[in-house]
There are 2 protein chains.
Amino acid sequence: MAKICFGIDVGGTTVKCGMFTTDGTLLDKWEITTRTENGGENVLPDIAATVISKLRLKGYKDEDCAGIGVGIPGPVMRGVVPVAVNLHWGEKNVEYELSQLTGMKVRAANDANVAALGEAWKGGGEGKKEIIVVTLGTGVGGGIIIDGTIVEGLHGAGGEIGHMHVDDNITALCNCGHSGCLEQVASATGIARLAREELALHPEYTGDLRTGEVTAKAVFDAYKEDDPLATRVVNRFAKYLGTALANIAVVIDPEIIVIGGGVSRAGECLTDIVGNYYRSIAFSSCANTPIVLARLGNDAGIYGAAKLVLGKL
Amino acid sequence: MAKICFGIDVGGTTVKCGMFTTDGTLLDKWEITTRTENGGENVLPDIAATVISKLRLKGYKDEDCAGIGVGIPGPVMRGVVPVAVNLHWGEKNVEYELSQLTGMKVRAANDANVAALGEAWKGGGEGKKEIIVVTLGTGVGGGIIIDGTIVEGLHGAGGEIGHMHVDDNITALCNCGHSGCLEQVASATGIARLAREELALHPEYTGDLRTGEVTAKAVFDAYKEDDPLATRVVNRFAKYLGTALANIAVVIDPEIIVIGGGVSRAGECLTDIVGNYYRSIAFSSCANTPIVLARLGNDAGIYGAAKLVLGKL
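Keep in mind the model is a prediction, meaning the values are calculated, not measured.

Asks: With reference to specific residues and values, describe the overall build of chain A.
Replies: Of the regular secondary structure elements, chain A holds 11 helices and 12 strands. Relative to its length of 313 residues, chain A is compact, with a C-alpha radius of gyration of 20 Å against a globular reference of 20 Å. For chain A, buried positions account for 59% of its 313 residues. For chain A, the share of sequence-separated contacts (at least 6 apart) that also reach a separation of at least 24 residues comes to 62%. As presented, chain A carries roughly 12300 Å² of accessible surface, and 49% of it is formed by carbon and sulfur atoms. The distance from the centre of the 28 positive side-chain charges to the centre of the 37 negative ones in chain A is 4 Å.

Asks: Lay out the interface of chain B and chain A in plain terms, naming residues and giving numbers.
Replies: Across the boundary between the two partners, chain B contributes 37 residues, which contact 37 residues of chain A. The contact between chain B and chain A buries some 2900 Å² in all, and 63% of this surface belongs to carbon and sulfur atoms. Area buried by chain B at its contact with chain A is led by Val 251, Asp 253 and Phe 283 of chain B, which between them contribute 19% of it. At the boundary of chain B and chain A, one finds 2 salt bridges.

Asks: Describe the relation of the copies chain B and chain A, listing the residues and the values that go with them.
Replies: Turning chain B through 180 degrees and shifting it by 0.0 Å along the axis lays it on chain A, with an RMSD of 0.0 Å. Interpreted geometrically, this transformation is the action of a two-fold axis. When C-alpha distances to the rotation axis are compared across chain B, the minimum falls at Ile 248 of chain B, with a value of 3.6 Å. In this assembly, 100% of the residues forming the interface of chain B have copies in chain A that are likewise at the interface, indicating an isologous arrangement.

Asks: I'd like to hear about the state of the cysteines, residue by residue, with values.
Replies: Going through the model one piece at a time under the given rule, you end up with 0 disulfides over all chains. Between Cys 5 of chain A, a cysteine without a disulfide, and Cys 65 of chain A, which holds the nearest cysteine sulfur, the sulfur-to-sulfur distance is 6.8 Å. Looking at the unpaired Cys 174 of chain B, the closest cysteine sulfur is the one in Cys 181 of chain B, lying at 3.8 Å. Classification of Cys 174 of chain B as buried rests on a relative accessible area of 7%.

Asks: Can you tell me about the sheet that holds strand β12 (residues 291–293) of chain A, naming the residues and giving the values?
Replies: All names here are of chain A. Strands sit in the order β10-β9-β8-β11-β12 across an open sheet of 5 strands; the sheet is mixed. Because the sheet does not close on itself, it has two edges, and the strands there are β10 (149–150) and β12. Where strand β8 (residues 131–136) lies against strand β11 (residues 256–260), 5 bridges are found, and the strand directions are parallel. Counted as the bridge partner of Ile 132 is Ile 257 from β11.

Asks: Explain the packing of aromatic side chains residue by residue, including any values.
Replies: Throughout the structure, instances matching the rule amount to 12 aromatic pairs over all chains. Aromatic side chains Phe 220 of chain A and Tyr 223 of chain A sit 6.2 Å apart centroid to centroid with 85 degrees between the ring planes, which places their arrangement in the edge-to-face category. Separated by 3 residues within a single helix, Phe 220 of chain A and Tyr 223 of chain A lie in helix α8 (residues 216–224), roughly one turn from each other. Seen from their ring centres, Phe 20 of chain B and Tyr 303 of chain B are 4.8 Å apart, and the 65 degrees between their planes marks the pair as edge-to-face. Remark: Tyr 303 of chain B occurs in helix α11 (residues 300–310) and Phe 20 of chain B occurs in strand β2 (residues 14–21); sequence separation between them is 283 residues. Through a chain of ring-to-ring contacts, the aromatic side chains of Phe 20, Trp 121 and Tyr 303 of chain A assemble into a single cluster. A cation over an aromatic ring shows up here: Lys 54 of chain A above the ring of Trp 30 of chain A, its NZ or CZ 4.3 Å from the ring centre.

Asks: Give a description of the pairing of strand β9 (residues 140–146) of chain B that names residues and reports values.
Replies: Residues and elements named next belong to chain B. In terms of burial, β9 is largely enclosed, as 7 of its 7 residues are buried. A two-sided burial pattern is seen for β9, the buried positions comprising Val 140, Gly 142, Ile 144 and Ile 146 on one face and Gly 141, Gly 143 and Ile 145 on the other. Pairing between strand β8 (residues 131–136) and β9: 6 bridges, direction antiparallel. Bridge pairing in β9 places Leu 136 opposite Val 140. The antiparallel pairing of β8 with β9 creates a hairpin that spans 3 residues between the two strands. Where β9 and strand β10 (residues 149–150) come together, 2 bridges link them in antiparallel fashion. Counterpart to Ile 146 in the pairing with β10 is Thr 149. Between β9 and β10, which pair antiparallel and follow one another directly, the connecting turn spans 2 residues, one of which, Asp 147, has a positive phi of 50 degrees.

Asks: Report on the environment of Asn 113 of chain A, specifying residues and quantitative values.
Replies: All names here are of chain A. Following the sequence through the fold, Asn 113 ends up in helix α4 (residues 111–122). The spacing of Asn 113 and Asp 23 is 90 residues in sequence and 20 Å in space, taken between C-alpha atoms. Ignoring any residue separated from it by four or fewer positions in sequence, one finds Asn 113 in contact with Gly 142, Gly 143, Ile 150, Val 151, Glu 152, Gly 158 and Gly 159.

Rules behind the numbers
- Residues numbered from 1 in each chain as written.
- Chains lettered and ligands numbered in written order.
- Predicted model: local features only at pLDDT ≥ 70, side-chain atom pairs only at ≥ 80, totals over all residues.
- Heavy atoms only, no water.
- Helix = DSSP H or I, 4+ residues; strand = E, 2+ residues; numbered from the N terminus.
- Rg over C-alpha atoms; globule rule 2.2 N^0.38 Å.
- Buried < 20%, exposed > 50% of the residue type's maximum accessible area, 1.4 Å probe, protein only.
- Contact = heavy atoms within 4.5 Å.
- Areas by Shrake-Rupley, 256 points an atom, 1.4 Å probe, with all protein chains shown as cover.
- Lys, Arg positive; Asp, Glu negative; His and termini not counted.
- Charge placed at Lys NZ, Arg CZ, Asp CG, Glu CD.
- Buried area = accessible area lost by both parts, 1.4 Å probe.
- Salt bridge = Lys/Arg side-chain N within 4 Å of Asp/Glu carboxyl O.
- Least-squares fit on C-alpha atoms with pLDDT ≥ 70 in both.
- Disulfide = S-S within 2.5 Å.
- Pairing = 2+ DSSP bridges.
- Phe/Tyr/Trp six-rings, centres within 6.5 Å; stacked < 30°, edge-to-face > 60°.
- Lys NZ or Arg CZ within 6 Å of the ring centre and 35° of its normal.

Next comes the structure, spelled out in structure tokens:
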């Protein structure tokens, strides 16, 4: 019976690697460089080499390993990536190729979905099987877990919460080509944009956000000090996000909602205010669904990748 | 090996019953009265009696029957109804009680979800496993099918699409206690409400909707004749519904979207205009997801109930 498995989180500059017991204890983690030259041809061979080398180094045999899970920065449908710009890949059958290179079972999925699965397994959603995970970083990503499994979707777009349409009045274009997306008002860059809007609307304001750098972190820091402009920005952000989460909740009625990503480092003041708006809008059956912070930080990807190859929650 | 099964769609006044082959051919359908007196104590015994009687009448043995699926007008969680107002029920374990009465396997779920499963199995979504079904009737209901299974949700609120929040400017209360719900602008009553709003806003209008009864059917009939007020109403309806569907699609990325219910009798002019708004807003990966009309009409519930007991799509 297999004792260990690997969780691999592939990024555009580094590949995060984890070796886990099959019950989810992280035994070792390390990183290798993502070599994207020549169409990213080395990425999978490098992963194969580091996994095999770690397995040997720790004295395990191939049959001790349940397999390798991989998170990829791009859409993934049934193990196949149609294109992954950051890795310089065109279409690539990740599961087949890495399995050929290692002789092991391989499962691959989108990195945001995999990170969501990690939080579901050993993070903020631990013990639950029906989960919304939303990740507030440079963009807004997420993952939907139903019956212990990632909702991948026909085109790999499952959990693309950041591109829910939330406001007709936003004219600036989102990276997706539309406008009015949740990402434009709830990501770190979106929160900074809302703050710049409020600064322009309120010339009388002379607080910290007028003089310092306008970032999501600065906004939440000022919010914690009851800064009036930051309070307006955080309320706008929280209303958008709370409404979007209520609209997902009434469709899938999850057990828990987990908020992660860099913006979530603001802490419980964030889940508190998003929760207030959520509860004011959510369908009564779902109004008490807990909204909690993610717990695994940057390790969510390797945890989720490991769980991907181990099977459903 | 079982040859047949029963699909039962329980309503507040009648119980629709169907006998099916296990591959989905409807062999017989009939109705019985829903006896709601005395806390609805007769409802399940009446179903048991009609099923057993039909089985005997057609010359089948108990072992020929794969079981009984039941759609219930109320939330259902793992076979248990917490309350079903229209049946005068408090908490009732439908699967256990009906199984005790018949000796057969029983599966129960919410009627809107069951109707969605019917459309997924033998209706507009036939052959697909990841489906959004939205039902535009007096209210707006629906069902989400993921991996061939209904998303029931923790509180039985899965697929309650009608209570997505779509407009902050609506002040009238929805039946759910909130305001701004999709149901208030996309149900038959909601469309009539939008028409009355437009009539008040446009005193110069003297067309059919000024003189006749203002119903969703009248609005769509006038829309087909290029009536300007009806065109405004249908565009507002279609923008709301198209946006809501785009926001669900980017979360679960389905294979197909099916629109049913009385309002959908307007036909392809409805899916055409909803599709136009949907495509203008949907995340690029999901923008070409087909939007089709439901096909089973009032039989969706018995088909879906039958499929419920047969297992996933």
